[in-house]
Amino acid sequence: RVITSTNKFSQFASLDLAAGLNRYLQHETKRLEIIKSSKGYEKELPILKTRLKKLQLLNKQMTARKAELDSLRKKLSDFHPTSALRAVSDFLETWGEKLQNDTVYGFRFAEFLSNDDRSKLPTKSDLLFLCQAVAEIQFVYNLTTSDLYAGKVIGQKGTPLLPKDAYEIAHASRDLSHLEQAAWWFEIALNNTPEAEMKSKNVGNTSYPFADAMAYLGALKYGMDEQQKGLKLLERASDLDPENDRILREYLRHRHGRDVQPLVHSDPGEFKMHWFRLCANASSTPLAPVKWYHVCRYRTSFRVPYKVYREEILSRSPFLSLIHDLVTPQEARRLINVSKDKIGHPAVEGAESHLFNVQGTQLKNNETIAATIADRIADLTGMDTTERKILSSGEPLHVLNYGISGSFQPHQDIYRPYGFSYMMNLSGHRLASVLIYLSNVKAGGATAFPHLNISVTPELGKALLWFNTSPNGEVEKDIVHAGCPVAVGAKWVASKGIWSSGNELRRPCGPKVTSSHLAVDKIAPRIPASP
Ligand SMILES: O=C(O)CCC(=O)C(=O)O
Ligand SMILES: [Fe+2]
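Right, let's talk about the nonpolar core for a bit. Formed by 83 residues in total, the largest nonpolar core has its most connected members in Leu85, Phe91, Tyr141, Ile169, Trp185 and Phe186. Counting residues per element, this core draws most heavily on helix H7 (residues 124-141), which supplies nine residues. Counting 31 residues, the second-largest nonpolar core is a separate cluster that includes Ala332, Ala463, Phe467 and Ile498.

Written out as C-alpha cells, the structure is:
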C-alpha cells in the first residue's frame, strides 16, 4: 500500500514513469531498425510497427500528462485523505489500467517498468484502503459527511470528493458496521448526482451504480426505523434499474417484510469510544501552556557538562512526563533519513500485527545518531541505556512511521496481556519507555492514555517518558496507551525502551522520595492522582 506509510509514498514519488517509457521506446526503435535491415523477419515487421506506433502514442500522452503526474505526486505528498483518495482514483482511471495490465497495448509494460518499480504504483487496494481510512477518520474524529465531502478534515483543506467516492466510502463504512455513516454517504452520493444522469443508465468508469446506491440506502433506512422512506427508495431503485434482480428481490423482501435481517451496528465498546474521544480532543486542543509544576532538571555528566531539560509532569502515578526539546529538528531529520531505507521491517518485533498499521525499523547503537539519543536519554533519566548482547539495559531505538489513518491500538509496552512477546526476557521488564516525536502531525495522531484521561499532541522534538512498572516492581496497569489514527499528514516517532537490567537502583522515585533525583513529590505535590 502506497499510503500506509509516508515512506512507501516517497518511493512512488521518485519513480520516473516517463523516463522508463522513453527507454523502452528507444529500445523498440532500435530493434525495429535492426529487423528492417535483416532478412527473414518480413512477417513480423507490421506487428513491430504497430507496436511502436502505440508506444509512441503512449509516450506522447505521458509527456503531455507529466504535469498531471506531478500534481498527483504533490497531492499525495500532502497526506490528506480526500486529496489522496481523489489523486489515486484519478491515477487508476487514467494510468492504472495501462500500467498494471500487460496486454492493453499488446505488449509488456514490465519491460519498461521493473517489478520493483511496478510495486511502487498506487493500486486499487490503495484506493479501497483510502476509502476505509476516510470512514475511520470520520468516525474517530466525529466529522460531518458534508465537511469531508468538501475535503475538510479538522481544519485541513483537501480536494473535494465526487459522488462515486461517496459511494465507495459508504461501502467502506458499511464494512466497518458504521451503518448510519454508510447511509449518510449513500445519501450524499445520490444528492450530488443530477437526476438526468441517473436516468441515462450510463454507468461508466467515472460514475457509480446509482440504483445500487439507492437500494442500499433504502435497506439501511428501512432498518433504521424509517420504513416508509426505505421502501420508497427501494422502489425507486427498482424502477431505475428494472433488470436488476438483486434490487427487485430486495424491494420485494422489504415490502412483504420477509427475511429482512435486522441491521447489525458496530459497538466499539465504552473503552474504545473513550479512547476515540481523547483522540478527537487532543487534535483540537493545543498543549497546555507552561505551568508552575514544570520541572527543570539540571544534570551534568561527562557528555553534557551542563544541560537543562524542561519536563512537564502529566501524571505522577503511574509516572508520565512530557520532555520539551529532547531532540533537535536536525536530529529528527537525521533519524528519519537513516531509517527510511530500512522501513517495512516488522515495526514491533513479536507484537501481534492486528495492534497497529504502521511501519518501522530498529536502529542499534552502532548508528551514531541512535547512540547519541541513547546517551542523552541516559543523562536525562539517570538510567543506563547501554545495549548488550545479554542483560541489556537499552533496547534498540524503534522508529515508526504512520501514514494516513495509521494507528496503534491501546496496549502496554510489557509482556502481557498485549502480546509483546519480547517485552520480558533475561533483562527483566521493559521498565520505562521514551517516545520521541520526530515530526509534527497536521491533524490527529495524538498519543492517548485512556486510563489517565490524557492525550498528547505530537510536536517535533518533544518526548514522553513513562514507567511500565511501579517503583515496587509491579506492572503499571494504567499506563495503557495508543497512537490515535493520523487524520492528515505524516507521523514519525522513535521509541526507546529501557530494561530493568542494570537499572535496579537507578529508577527515579526509588525506595525513598528523597533518593529520587526527580523529587516529584516535592516539586509537584498538588497534581491530582489518576482517576
Ligand atoms: O505512536 C504513538 O503515539 C504510540 C507508539 C507506541 O505506543 C509504541 O511505540 O510502543
Ligand atoms: Fe507503546
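Once that is clear, we can look at the pairing of strand E14 (residues 463-467). A regular strand places its side chains so that they alternate between the two faces of the sheet. In terms of residue burial, E14 counts as a mostly covered element, since five of its five residues are buried. Because side chains alternate across E14, one face comprises the buried residues Ala463, Leu465 and Phe467, and the other comprises Leu464 and Trp466, equally buried. As paired elements, strand E5 (residues 320-324) and E14 share four bridges and run antiparallel to each other. Its bridge partner lying in E14, Leu322 is registered against Leu464. For strand E10 (residues 428-437) and E14, the ladder comprises five bridges, and the chain directions are antiparallel.

The subject of this paragraph is the environment of Ala463. You can see Ala463 is positioned in strand E14. Sequence separation between Ala463 and Glu311 is 152 residues, and the spatial gap between their C-alpha atoms is 9.4 Å. Sequence-distant contacts of Ala463, that is, excluding residues within four places in its chain, are made with Ser321, Leu322, Ile323, Leu326, Val434, Leu435 and Ile436.

The next point concerns the site of ligand 1. By nearness alone, every residue bordering ligand 1 is listed as Leu400, Tyr402, Phe408, His411, Asp413, Leu435, Thr447, His481, Gly483, Lys491, Val493 and Ser495. Within the contact set of ligand 1, an oxygen atom lies 2.6 Å away from a side-chain nitrogen or oxygen of Thr447. Within the side chain of His481, an N or O atom sits 3.0 Å from an oxygen atom of ligand 1. Summarising the interface, the protein chains cover 96% of the accessible area of ligand 1, which totals 300 Å² for the free molecule. Within the residue set of the shell around ligand 1, elements represented by two or more residues are strand E7 (397-402), strand E8 (408-411), strand E15 (481-483) and strand E17 (491-499). The element best represented in the shell around ligand 1 is E17, accounting for three residues. Classifying every residue of the shell around ligand 1 gives five nonpolar, five polar and two charged.

About the thresholds
All chains use their own residue numbering, which begins from 1 and follows the written sequence. Going through the entries in the order they are written, you letter the chains from A and number the ligands from 1. Only residues with pLDDT of at least 70 are given local features in this predicted model, and only at 80 or more are side-chain atom pairs given and counted; all residues enter the totals for whole chains, interfaces and linings. Heavy atoms throughout the structure, all of them, feed into the side-chain values; hydrogens and water do not. By nonpolar core we mean a set of buried residues, namely Ala, Val, Leu, Ile, Met, Phe, Trp, Tyr and Cys, connected to one another through side-chain atoms within 4.5 Å. Between buried and exposed lies partly exposed: a residue is buried under 20% and exposed over 50% of the maximum accessible area for its type, with that area taken using a 1.4 Å probe on protein chains only. Counting from the N terminus, the helices are the DSSP runs of H or I reaching at least four residues and the strands are the DSSP runs of E reaching at least two. Strand pairing is defined by DSSP finding a minimum of two bridges between the two strands. Should any heavy atoms of two residues lie within 4.5 Å, those residues are counted as being in contact. One heavy atom suffices: a residue is near a molecule or strand as soon as one of its heavy atoms comes within 4 Å of it. In protein, a polar contact requires one atom able to donate a hydrogen and another able to accept it; more generally it is a pair of N or O atoms within 3.5 Å, and residues adjacent in sequence count only if both atoms are side-chain atoms. Note on areas: Shrake-Rupley, 1.4 Å probe, and residue coverage restricted to the protein chains presented here. Three classes are used: nonpolar for Ala, Val, Leu, Ile, Met, Phe, Trp, Tyr, Cys and Pro, charged for Asp, Glu, Lys and Arg, and polar for all others, with Gly counted as polar.

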